[in-house]
Amino acid sequence: MRNIVSWLLLFAAAALTVAGAVLGWLYLAVRWAMAVSVVALLAFAAVVLIGAMRGSRRS
């Protein structure tokens with residue numbers, strides 16, 4: 001009986017560790033995706049502004 005309990009505790013600890021690692025990786029991935037999207041939006045806005053300024057200079 002004691003052997004089964006120790007195996008269950010070991011399995012629970014391993015499952016918690018894996019779940020924590022997966023959640024940590026997901027959190028990092030979401031943060032990286034947000035940072036990349038913000039940078040992409042800023043770059044797009046800069047390109048649009050530069051294009052608008054060039055267009056206004058021509059006319």
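Structure shown above.
What you see is a predicted model; the values in this text were computed from it and never measured.

**Quick word on the overall build of the protein**
Here is step 1 of the chain: What the protein contains, in helices and strands, is 1 helix and 0 strands.
Here is step 2 of the chain: Taken along its principal axes, the extent of the C-alpha atoms in the protein is 85 × 5 × 5 Å.
Here is step 3 of the chain: Taken over 59 residues, the protein has a buried fraction of 0%.

**Overview of the environment of G51**
Here is step 1 of the chain: In this fold, G51 is placed in helix 1 (residues 2-58).
Here is step 2 of the chain: Given a relative accessible area of 40%, G51 falls into the partly exposed group.
Here is step 3 of the chain: C-alpha separation for the pair G51 and A14, spaced 37 residues apart in sequence, amounts to 55 Å.

**Quick word on the environment of T17**
Here is step 1 of the chain: Along the polypeptide, T17 turns up in helix 1.
Here is step 2 of the chain: Reaching out from T17, the side chain makes a polar contact with the backbone oxygen of A13 at a distance of 2.8 Å.

**Some words on a nonpolar patch on the surface**
Here is step 1 of the chain: A surface patch of nonpolar side chains, about 380 Å² in accessible area, is lined by V18, V22, L23 and L26.
Here is step 2 of the chain: With respect to the secondary-structure elements, L26 resides in helix 1.

**Details of the environment of F44**
Here is step 1 of the chain: Mapped onto the elements, F44 comes out in helix 1.
Here is step 2 of the chain: Sequence spacing of F44 and L16 is 28 residues, and the spatial spacing of their C-alpha atoms is 42 Å.

Cut-offs and rules
- Residues numbered from 1 in each chain as written.
- Predicted model: local features only at pLDDT ≥ 70, side-chain atom pairs only at ≥ 80, totals over all residues.
- Heavy atoms only, no water.
- Helix = DSSP H or I, 4+ residues; strand = E, 2+ residues; numbered from the N terminus.
- Buried < 20%, exposed > 50% of the residue type's maximum accessible area, 1.4 Å probe, protein only.
- Polar contact = N/O pair within 3.5 Å; in protein donor to acceptor, adjacent residues only side chain to side chain.
- Patch = residues over 30% accessible without salt bridge, like charges linked within 9 Å, V, L, I, M, F, W, Y side chains within 5 Å.
- Areas by Shrake-Rupley, 256 points an atom, 1.4 Å probe, with all protein chains shown as cover.
- Salt bridge = Lys/Arg side-chain N within 4 Å of Asp/Glu carboxyl O.

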